[in-house]
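Here is what each chain is made of, one letter per residue.
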Amino acid sequence: MNFARSALWRISTFAGGLFVASLIVFSLFTVVGGDAAAAILGQEATPETLAALRSEMGLDRPVHEQYLDWIAGFVRGDLGESFISRRSIAGEILQRVEVTVPLAFGAMSLVLLIALPMGYLAAVRNRTTLGAVISLGSQIGISFPAFWLGLLFAILFGIQLGWLPVGGFPGWSEDFWGSIRSLILPALSLALISGSVLTRYVRTSVLEVMNEPYVQVMARAKGLNTRQALIRHGARNAVIPVLTVAGIQFGTLLGGTIVIENVFFLPGLGRLLLTSVELRDIQIVQSVAVILAGMVLTLNLITDLLYMAVDPRMRTRS
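Residues numbered from 1 in each chain as written. Predicted model: local features only at pLDDT ≥ 70, side-chain atom pairs only at ≥ 80, totals over all residues. Heavy atoms only, no water.

Peer 1: Lay out the overall build of the protein with the relevant residues and their values.
Peer 2: Across its full length, the protein carries 12 helices and zero strands. Here the protein, with 318 residues, has 40% of them falling under the buried criterion. Contacts in the protein between residues at least 24 apart in sequence constitute 71% of all its contacts with a sequence separation of at least 6. In the form shown here, the protein has an accessible surface area of approximately 17,000 Å², with 65% of it arising from carbon and sulfur atoms. (Helix = DSSP H or I, 4+ residues; strand = E, 2+ residues; numbered from the N terminus. Buried < 20%, exposed > 50% of the residue type's maximum accessible area, 1.4 Å probe, protein only. Contact = heavy atoms within 4.5 Å. Areas by Shrake-Rupley, 256 points an atom, 1.4 Å probe, with all protein chains shown as cover.)

Below, the structure is given as structure tokens:
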């Protein structure tokens, strides 16, 4: 099966996964989650008021019609209005995406800048002090939660040294460089954890390829040392498992933004999600949950496509 057909198969799988994710989210909040109108109005609401809000929200219609209207709105980009704030849900989410997406991509860029060179050095200097220090540092990094590092960085670099802001987001149009500075500490807090995990995988992958017989044979046949043979003939095989782990770590970073945005008071999707849960704003919670699931599925799709580009053996449906 050629690359185009394999890619089409994975795109179809992505679309099916997104459909299932939307169905699960809708079911959790609509079928299992109880009466959204009662959650909004509280226990003191009269039956007449509840009935009026249910009618306004469309909750008096069959469940399948509610789902079809909701998913059709997603396709059109019309998510309706929040019944708490009376603001456009799509507008609210677009404003928050401007924070969450740069934060996640910035953190992942730092992860790659940390993990790729450190993991490579830890492998090629495996029996040296440098390799041991890198391995120990990655092991320590894995043990710290991101929110704890965020608080530590805020105290050290924000409060004591005054180098970077410890909260808030001025907005890209109002203060571009100030916005970048406000994302540095949150991104670093997320990146050090994921970077430590990925460093260990890079180290393991490089070590395995270095010890493969074909790398040793190539080194002897062409008069290369092991590192040169690795770079010329084994780099692709070393990258394959790293791609998979990198995709998983990117998904983990998206989940981590929910916590870290609240630590640094960033107006992103994570903060919107938790605020909406507190206010019982079911419409926003549903929409944000599906968008985050869609982001993770998109990352998995991109990882699969990169995997196929690197390894032709993956260009099959199985």
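That shown, we press on.
Peer 1: Describe in detail the packing of aromatic side chains, supporting the description with residues and values.
Peer 2: In this description, an aromatic ring pair is defined by two values, namely the gap between the centres and the angle between the planes. All chains considered together, the criterion is met by 11 aromatic pairs. Pairing phenylalanine 169 with tryptophan 172 gives two aromatic rings, centres 5.5 Å apart and planes at 75 degrees, and the pair type is edge-to-face. Looking at phenylalanine 169, the relative accessible area reads 18%, which means it is buried. Both rings, one in phenylalanine 176 and one in tryptophan 177, keep their centres 5.3 Å apart while their planes meet at 80 degrees; by these two values the pair is edge-to-face. Accessibility expressed as a relative area gives 44% for phenylalanine 176, which makes it partly exposed. (Phe/Tyr/Trp six-rings, centres within 6.5 Å; stacked < 30°, edge-to-face > 60°.)

Peer 1: Explain the pattern of salt bridges residue by residue, including any values.
Peer 2: Applying the stated criterion across every chain yields a total of two salt bridges. Between arginine 87 and glutamate 92 there is a salt bridge whose closest N-O contact spans 3.3 Å. Here arginine 87 falls in the exposed class, since its relative accessible area comes to 53%. For glutamate 92, the salt bridge goes to arginine 96, with nearest N and O atoms at 3.7 Å. Of this pair, glutamate 92 and arginine 96 both sit in helix 5 (residues 89-124), four residues apart, which is roughly one turn of that helix. For glutamate 92, a relative accessible area of 10% puts it in the buried group. Salt bridges sharing partners connect three or more residues here, namely Arg87, Glu92 and Arg96. (Salt bridge = Lys/Arg side-chain N within 4 Å of Asp/Glu carboxyl O.)

By themselves these figures say nothing about function.
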